[in-house]
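Observations on the three-dimensional arrangement
Listed here are the chains, written in short residue letters.
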Amino acid sequence: MDEIEKAQRALCSRFGAAWVAAPGHLKIGVARNVTSALVPLHGLRHPPEGDTCGWYLWAGEGGIPSADPEFFVPLHVEHLRSWRPEALKFLGLPPGWRFLTDGAHIDVWEDPSLLLTTR
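Residues numbered from 1 in each chain as written. Predicted model: local features only at pLDDT ≥ 70, side-chain atom pairs only at ≥ 80, totals over all residues. Heavy atoms only, no water.

1. Some remarks on the sheet that holds strand β3 (residues 52-59)
Strand order across the open sheet formed by six strands is β4-β1-β3-β2-β5-β6, with mixed pairing between neighbours. Strand pairing shows two members of the sheet lacking a second neighbour, β4 (72-76) and β6 (106-110), which therefore form its edges. Going across the sheet, the axis of each strand differs from the next one's by a mean of 20°, ignoring polarity. Where strand β5 (residues 97-101) lies against β6, five bridges are found, and the strand directions are antiparallel. Counted as the bridge partner of Leu-100 is Asp-107 from β6. (Pairing = 2+ DSSP bridges. Helix = DSSP H or I, 4+ residues; strand = E, 2+ residues; numbered from the N terminus. Axes fitted to C-alpha atoms, helices over the stretch in contact; angles between N-to-C directions.)

2. Description of unusual backbone geometry
Along the chain, Val-39 connects to Pro-40 via a cis peptide bond; the corresponding omega equals 0°. Position of Pro-40 relative to the elements: it lies in the loop between β1 (27-31) and β2 (41-45).

3. A word on the environment of Phe-71
Mapped onto the fold, Phe-71 is located in the loop between β3 and β4. The sequence separation of Phe-71 and Arg-32 amounts to 39 residues, and the corresponding C-alpha distance is 7.5 Å. Each residue touching Phe-71, except ones within four places of it in the same chain, is listed here: Val-30, Ala-31, Arg-32, Trp-58, Pro-65 and Ser-66. (Contact = heavy atoms within 4.5 Å.)

4. Regarding the side chain of Arg-45
Tracing the backbone shows Arg-45 in strand β2. Buried and without a salt bridge, Arg-45 has Glu-5 as its closest oppositely charged side chain, separated by 12 Å. (Buried < 20%, exposed > 50% of the residue type's maximum accessible area, 1.4 Å probe, protein only. Lys, Arg positive; Asp, Glu negative; His and termini not counted. Salt bridge = Lys/Arg side-chain N within 4 Å of Asp/Glu carboxyl O.)

5. Structural notes on the packing of aromatic side chains
With the rule as written, the count across this model stands at five aromatic pairs. Where Phe-71 meets Phe-72, the ring centres are 5.0 Å apart and the plane angle is 80°; that geometry is what we call edge-to-face. Every member of this aromatic cluster is reached through a ring pair, and the members are Tyr-56, Trp-58, Phe-71 and Phe-72. Lying across the ring of Trp-19, Arg-9 places its NZ or CZ 3.8 Å from the centre. (Phe/Tyr/Trp six-rings, centres within 6.5 Å; stacked < 30°, edge-to-face > 60°. Lys NZ or Arg CZ within 6 Å of the ring centre and 35° of its normal.)

6. Observations concerning helix α1 (residues 3-15)
Between its first and last C-alpha atoms α1 spans 19 Å; for 13 residues at 1.5 Å apiece the expected length is 18 Å, and the two agree. Along α1, the positions that sit buried rather than exposed are Gln-8, Leu-11 and Cys-12. Along the long axis of α1, the arc covered by the buried residues comes to 100°, so they all point the same way. Turned more than 90 degrees away from the buried face of α1 sit Glu-3, Ser-13 and Arg-14, all of them exposed. (Expected span 1.5 Å × (residues − 1). Arc of directions from axis to C-beta.)

Functional significance is not addressed by these values, which are geometric in nature.
This is the structure we're talking about:
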């Protein structure tokens, strides 16, 4: 088990969530602003589909991502390390979960509506 998986498992345990892998070869939807220092960092996980692991990440104020169909771009999980490495510890949360962090504060919660909606 590598350090990232250990951190993911610890975070899942802390919040009472099952650990679900987000393999590096799968894709996430990520907003381009994730490469900036904008906070907070938002993430939500839908059920995996095709070659995706279900994660969507964006940064900045406002808890709702843009409805613009080009807001999210595909990114392999393994490349998130160079975009926003601090997000990696959250990617073990299962589908139906969200997170919000500004680096100092972490908020993680279950959102069952993510399991019912389409992207």
